[in-house]
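A structural walkthrough
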Amino acid sequence: MTTLTLTQAINAGLRKAMEEDPKVVLLGEDIGTLGGVFRVTDGLMKDFGSHRVIDTPLAESAIIGTAVGLAYRGFRPVCEIQFDGFIYPGFDQIVSQVAKLHMRTHGQVRMPLTIRVPFGGGIGSPEHHSESPEGYFVHTSGLRVISVSNPQDAYTMLRQAIASDDPVLFFEPKRRYHAKGEVDLELDLSRAPAMGAARIVASGTDVTLVTYGPLVATALDAAKAAFDDGVSIEVIDLRSLSPIDYGPLEESVRRTGRLVVTHEAGETLGLGAEIVAAVTERCFNYLEAAPVRVTGFDIPYPPSKLEKHHLPDLDRMLDGVDRALGRPNSLSGLEG
Amino acid sequence: MLEETASPETSPQPGIHQLIGADGTSVVDELLAPFVTDVDDDQLLELLSDMVVIRRIDAEATALQRQGQLALWPPMLGQEAAQIGSVRALEDDDFIFPTYRENGVAYCRGAKLAGIMSTWRGSANTGWDPYEFNMATPQIIIGAQTLHATGYAMGLTMDGKESLAIAYLGDGATSQGDVHESMVFAASFQAPVVFFCQNNHWAISEPVGLQSHVPLAGRAPGYGIPSLRVDGNDVLAVLAATRWAATRARSGGGPSFIEAVTYRMGAHTTADDPTRYRGVTELEEWRGKDPIARLRAFLQGRGKLDAGQEAALEAKADAVAAELRAGCINMPDPAPMSIFDNVYTSGHAILDRQRDHYERYLASFSGTEVDALAEGNRS
């Protein structure tokens with residue numbers, strides 16, 4: 001085991017994938033000489049050459065669209081979108097081309113692209129640098145969507161994403177980029193948990209708290225704080241946003257009877273809405289209270305001095321837990 | 001060679017390159033002539049045959065749409081020389097990224113007629129295996145395929161291959177951001193890609209003048225991409241121009257841009273009515289530049305096209321049309337459960353659940369009906 005930051009783990013995952021398969025190529029803005037604005041690709045151009053770590057002009061649609069052509073040719077491109085808010089110029093190529101070409105060609109053309117997206121807030125960035133666009137891609141059939149929360153998952157799941165013959169949107173929680181953790185670099189991928197498997201990261205009996213990516217650490221903090229208050233929270237890291245692995249959620253909610261979902265993205269049609277609906281369909285008779293969502297607001301991302309009000313934090317999560325438990329909370333006495 | 005005109009510093013030729021004039025007489029063009037010195041009368045007859053056949057495909061498909069057998073059809077009437085001249089300049093291992101209108105190109109690549117029709121009948125999204133014919137699936141999103149061609153061409157370079165990728169696009173596509181981004185990338189990485197723009201003068205109802213205040217070929221040098229304008233109704237000139245670009249690509253010269261100046265004589269698709277947006281005079285002017293009549297006159301002028309050959313051409317076109325009609329009308333509807341196929345390369349829990357539930361729903365009907373649904377409705 002090696003202690004790595006999340007960025008170092010992703011770098012190691014890219015390196016391993018490139019060593020194993022010469023058809024793995026990286027494309028993105030500033031990923032070569034600079035090593036990426038977050039240094040995720042640091043040193044890779046030096047070791048693999050500019051034909052495999054391709055510094056591109058500033059054109060997101062072209063980064064994705066030329067990767068489509070490379071995939072036609074048998075390559076496995078890994079695209080870096082520099083920031084979440086910059087993915088929209090490439091949106092059409094992702095949802096109209098990358099997602100659909102396998103089905104459109106009756107399975108004859110594969111699109112094994114991995115599209116890495118640093119996402120989410122909490123780092124004090126200006127506009128367009130702190131967004132949570134995952135819902136758009138979860139809604140698009142043909143894509144797989146991943147969000148990692150720790151260095152080991154980042155290393156393992158990135159390699160799984162690159163090995164996948166389906167296109168993968170790989171959301172990296174930028175505010176956790178410097179979080180450290182133990183990583184098994186010799187991990188046997190065939191023995192690793194499946195890329196789509198949700199994981200219980202803290203066991204509990206009173207409430208099921210579901211989240212992913214940047215908020216997993218916050219949810220764990222909330223569980224620790226609640227424990228001191230006599231409440232046992234089970235925290236589930238979704239890991240895969242498409243498909244969502246409902247098995248562990250169903251099993252957990254049947255035990256706890258209570259569900260709270262939390263994410264940074266806005267509430268309306270966010271992942272929380274889907275999870276609440278799906279768990280309610282599957283576990284209605286086990287629910288002891290209406291499921292609760294604790295999310296970002298339905299607003300354009302605010303200036304960084306205000307983002308602490310937008311992002312769910314430990315206290316907002318605990319308030320949501322109180323709502324699920326029927327304990328006094330900020331909405332007590334409010335009808336509907 | 002054309003290097004002096006191809007230099008990024010040089011504006012494209014103000015005129016339009018031609019080898020056969022509108023009246024069927026030979027035109028001297030020092031730029032293009034060297035690329036077709038091997039083309040003899042027999043090969044010209046084959047080009048004529050191709051054009052006659054794809055015009056007949058076009059007419060038959062248009063009729064089938066009017067008869068309710070096709071949901072839609074994008075006519076290529078008037079653009080036969082642009083399609084045939086370009087595709088016949090390619091090698092088998094060159095990879096084509098077409099729009100939705102290159103049905104004549106698909107035919108020449110070997111795609112089955114029923115397969116070509118299946119997209120327009122609504123039976124399938126793609127009517128051929130892209131890797132069998134080295135031709136991508138038809139692209140509906142305007143200009144998207146130019147990036148795919150550029151990326152494929154970048155891959156060819158990485159693989160050390162000497163073949164090329166060609167992107168077909170229309171005049172309207174040149175307004176799309178993807179086309180401009182593709183030219184930036186193609187120039188940046190000197191990708192062996194040919195941008196083959198068929199300027200048919202109309203992007204549905206928007207005239208080419210709305211798209212650009214300069215000749216479309218004039219844009220490419222701004223990206224460092226050599227370009228030329230060619231008479232798109234002159235099949236020999238289009239063949240030569242595409243060979244020029246292909247030669248550059250294969251020899252490491254990088255991307256090229258061809259503007260084939262032609263005219264869409266029919267509608268954009270069978271869903272629109274061109275009489276609402278363009279005048280009769282314009283259409284009649286272009287009818288006088290008909291690509292098939294031109295080559296026919298050229299060959300007749302050389303005494304190389306007799307009544308027997310004409311009859312053979314028509315007979316071939318009739319046979320193709322009959323095959324197309326039969327293939328279209330007898331095409332089975334796909335099986336209902338096939339809507340779930342190939343969305344992913346392997347299982348996806350949510351989709352698998354939906355598939356399972358829908359299968360159970362279908363199974364709640366009579367067994368006979370379920371079987372029929374599963375096997376496909378052959379009505």
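The shown structure was predicted, so the numbers you read here are calculated from the model rather than taken from an experiment.

Along chain A, the regular secondary structure elements total 12 helices and 14 strands. Computed over the C-alpha atoms, the radius of gyration of chain A is 20 Å, within 12% of the 20 Å expected from 2.2 N^0.38 for a compact globule of 336 residues. Taken along the three principal axes of its C-alpha coordinates, chain A extends 60 × 45 × 40 Å. Across the 336 residues in chain A, those meeting the buried criterion constitute 61%. Contacts spanning at least 24 positions in sequence make up 81% of the contacts within chain A whose residues lie at least 6 apart. Taken as a whole, chain A presents about 12800 Å² of accessible surface, with 53% of it coming from carbon and sulfur. Charged side chains of chain A number 32 positive and 44 negative; the gap between the two group centres comes to 4 Å.

Before going further, it helps to spend a moment on the UniProt feature "domain: Transketolase-like pyrimidine-binding" (unreviewed entry) in chain A. Per the UniProt record, "domain: Transketolase-like pyrimidine-binding" (unreviewed entry) is annotated on residues 4-179 of chain A. A helix fraction of 36% and a strand fraction of 18% characterise residues 4-179 of chain A, whose end C-alpha atoms lie 8 Å from each other.

In this section: the layout of surface pockets. The calculated volume of the largest pocket comes to roughly 1100 Å³. If you trace the largest pocket, you find 43 residues lining it, with G135, V138, H139, L269 and L271 of chain A closest to the centre. Elements with a contribution of two residues or more to the lining of the largest pocket: helix 6 (134-138), strand 12 (240-242), strand 13 (259-266) and helix 10 (271-283) of chain A together with helix 14 (349-363) of chain B. Per-class residue counts for the lining of the largest pocket are 22 nonpolar, 14 polar and seven charged. Two domains each put at least three residues into the lining of the largest pocket: domain 1 (2-191) and domain 2 (199-325) of chain A. Taken as a whole, the second largest pocket encloses approximately 300 Å³ of empty space. Along its surface, the second largest pocket is lined by 21 residues, and Y100, I142, G170, G172 and A173 of chain B are the ones closest to its centre. Split by residue class, the lining of the second largest pocket holds seven nonpolar, 10 polar and four charged.

All names here are of chain A. Within the open sheet, the five strands sit side by side as 9-11-10-13-14. Their pairing is mixed. At either margin of the open sheet sits one strand with a lone partner, and together these are strand 9 (199-202) and strand 14 (292-296). Here the average twist between neighbouring strands, direction ignored, is 25°. Pairing of strand 9 with strand 11 (residues 233-237), which is carried by three bridges, proceeds in the antiparallel orientation. Bridge pairing links A202 to V235 in strand 11. Sheet strands in contact with helix 10 are strand 10 (207-211), strand 13 and strand 14, and its direction is about 155° off that of strand 13.

Of the residues lining the interface, 48 residues belong to chain A; the matching set on chain B comes to 44 residues. When the two sides are added together, the surface that chain A and chain B hide from each other amounts to roughly 3600 Å², 60% of it contributed by carbon and sulfur. If you look at where chain A meets chain B, you find two salt bridges. The salt bridge involving D159 of chain B is made with K23 of chain A; its shortest N-O contact spans 2.6 Å. Linking chain A to chain B there are 22 residue pairs in polar contact (both at pLDDT 80 or more). Looking at the side of chain A that touches chain B, the elements with two or more residues in it are strand 3 (53-55), helix 3 (60-72), helix 4 (91-98), helix 5 (101-104) and helix 10 of chain A. Broken down by element, the side of chain A that touches chain B gets its largest block of residues, 11 residues, from helix 3 of chain A.

Applying the stated rule across the entire model yields 24 aromatic pairs over all chains. Between the aromatic rings of Y72 of chain A and Y131 of chain B, the centroid separation amounts to 6.4 Å while the plane-to-plane angle is 65°, which identifies the pairing as edge-to-face. Remark: Y131 of chain B occurs in helix 6 (residues 130-133) and Y72 of chain A occurs in helix 3; the pair is interchain, linking two chains. Judged by its relative accessible area of 2%, Y72 of chain A is buried. Under the relative-accessibility criterion, Y131 of chain B is labelled partly exposed at 36%. Here the aromatic rings of F91 of chain A and Y136 of chain A are separated by 5.7 Å at their centres, their planes lie at 80°, and the arrangement is edge-to-face. Pair noted here: F91 of chain A is in helix 4 and Y136 of chain A is in helix 6, with a separation of 45 residues, a long-range link. Y136 of chain A gets classed as partly exposed once you look at its relative accessible area, which sits at 48%. Linked through ring pairs, Y88, F91, F119, Y136, F137 and F171 of chain A together constitute an aromatic cluster.

We now examine the sheet that holds strand 2 (residues 24-28) of chain A. Residue and element names in this part refer to chain A. One open sheet accounts for seven strands, arranged 3-2-4-5-7-6-12; its pairing is mixed. Every interior strand has two partners, whereas the edge strands, strand 3 and strand 12, have only one. Looking at each pair of strands side by side, their axes are set apart by 20° on average, direction ignored. Alignment of strand 2 against strand 3, held across three bridges, turns out to be parallel. Paired with L26 across the two strands is V53, which belongs to strand 3.

All names here are of chain B. Summary statistics for chain B give a mean pLDDT of 93 and a share of 93% for residues scoring 70 or more. When the criterion is pLDDT under 50, residues 1-13 qualifies, and its contacts beyond four places in sequence or with other chains add up to 23 contacts. Taken over the whole predicted complex, pTM reads 0.93, whereas the ipTM for its chain interfaces reads 0.93.

Time to look at the pattern of salt bridges. When the charged atoms of two side chains with opposite charge come close together, those side chains can pair. For the coordinates displayed, the defined rule picks out 40 salt bridges over all chains. With its nearest N and O atoms 2.6 Å apart, the salt bridge here joins D165 of chain A to R110 of chain A. Placement of the pair is D165 of chain A in the loop between helix 7 (151-163) and strand 7 (168-173) and R110 of chain A in the loop between helix 5 and strand 5 (114-119), with a sequence separation of 55 residues. Taking the relative accessible area as the measure of exposure, D165 of chain A reaches 25% and is therefore partly exposed. R56 of chain B is the salt-bridge partner of E60 of chain B, the closest N and O atoms lying 4.0 Å from each other. Residue E60 of chain B and its partner R56 of chain B are located together in helix 2 (residues 41-66), separated by four residues, close to a single helical turn. Classification of E60 of chain B as buried rests on a relative accessible area of 12%. Residue class for R56 of chain B comes out partly exposed when judged on its relative accessible area of 27%. The network of salt bridges with shared partners includes R56, E60, D318 and R325 of chain B.

Another aspect to go through is the environment of L299 of chain B. Residue and element names in this part refer to chain B. Assignment of secondary structure puts L299 in helix 12 (residues 291-301). A residue is classified by how much of its surface remains accessible, and L299, at 0% relative accessible area, is buried. C-alpha of L299 to C-alpha of D42: the two residues are 257 residues apart in sequence and 10.0 Å apart in space. Discounting chain neighbours no more than four positions away, the residues touching L299 are D41, L44, L45, L48, K304 and L305.

In terms of residue burial, helix 3 (residues 80-87) of chain B counts as a mostly covered element, since eight of its eight residues are buried. Of all the positions in helix 3 of chain B, only E80, A81, A82, Q83, I84, G85, S86 and V87 of chain B are classed as buried.

All names here are of chain B. Where helix 3 contacts helix 10 (residues 235-250), the two axes come as close as 7 Å, and the packing angle between them is 40°. By the angle class used here, helix 3 and helix 10 are oblique. In this structure, helix 3 meets helix 10 at a crossing whose hand is right-handed. For the pair formed by helix 3 and helix 10, the contact residues are A81, A82, I84, G85 and S86 on the first element and V235, V238, L239 and T242 on the second.

Parameters at a glance
Numbering of residues starts from 1 in each chain and follows the order in which that chain's sequence is written. Chain A is the first chain written and ligand 1 is the first ligand written, with later ones labelled in order. Local features are withheld for residues below a pLDDT of 70 in this predicted model, meaning they are given only at 70 or higher, and side-chain atom pairs are given and counted only at 80 or more; totals for whole chains, interfaces and linings count all residues. With hydrogens and water set aside, each side-chain value is computed from the structure's full complement of heavy atoms. A run of DSSP states H or I qualifies as a helix once it reaches four residues; a run of E qualifies as a strand once it reaches two. Both are numbered from the N-terminal end. With the radius of gyration taken over C-alpha atoms, the globule rule is written as 2.2 Å times the number of residues to the power 0.38. The rule is simple: take the accessible area with a 1.4 Å probe, protein chains only, and divide by the maximum for that residue type; under 20% is buried, over 50% is exposed, in between is partly exposed. Whether two residues are in contact is decided by their heavy atoms: any pair within 4.5 Å suffices. Per-residue accessibility takes into account occlusion by the displayed protein chains alone, with areas from the Shrake-Rupley method and a 1.4 Å probe. His is not counted here, nor are the chain ends, while Lys and Arg score as positive and Asp and Glu score as negative. In plain terms, the charge of a residue is placed at NZ if it is Lys, CZ if Arg, CG if Asp and CD if Glu. UniProt positions are given in the numbering used here, feature names are shortened, and annotations may be inferred rather than shown by experiment. A pocket here means an open set of points on a 1 Å grid, computed over the protein atoms alone, that has protein on both sides within 12 Å along at least five of seven lines. A cavity is instead a set of points where a 1.4 Å probe fits but cannot get out; residues with an atom within 4 Å of a point line either one. Grid points are joined across faces, edges and corners, and a volume is the space filled by probe spheres set on the points. Amino acids outside the nonpolar list (Ala, Val, Leu, Ile, Met, Phe, Trp, Tyr, Cys, Pro) and the charged list (Asp, Glu, Lys, Arg) are all regarded as polar, and Gly is one of them. Note that the domain bounds were set by an automatic or database domain assignment. Two strands qualify as a pair provided DSSP detects at least 2 bridges between them. Only the stretch in contact is used when fitting a helix axis, every axis being a line fitted to C-alpha atoms; angles between N-to-C directions are given from 0 to 180 degrees. Here the quantity called buried area is the accessible surface, traced with a 1.4 Å probe, that two parts lose on coming together, added over both. Salt bridge, as used here, is a side-chain nitrogen of Lys or Arg placed within 4 Å of a carboxyl oxygen of Asp or Glu. Here a polar contact is taken to be a pair of N or O atoms separated by no more than 3.5 Å, where protein atoms must pair a possible hydrogen donor with a possible acceptor and residues adjacent in sequence count only if both atoms sit in side chains. For this analysis, a ring pair means two rings from Phe, Tyr or Trp (six-membered ring only for Trp) whose centres lie within 6.5 Å, classed as stacked if their planes differ by under 30 degrees, edge-to-face if by over 60, and tilted for the remaining angles. Think of pLDDT as the predictor's per-residue confidence, scored from 0 to 100. The labels follow the angle: roughly parallel below 35 degrees, roughly antiparallel above 145, roughly perpendicular from 65 to 115, and oblique for the rest. What makes a crossing left-handed is the near helix being turned counterclockwise from the far one by less than a right angle; a clockwise turn instead makes it right-handed.

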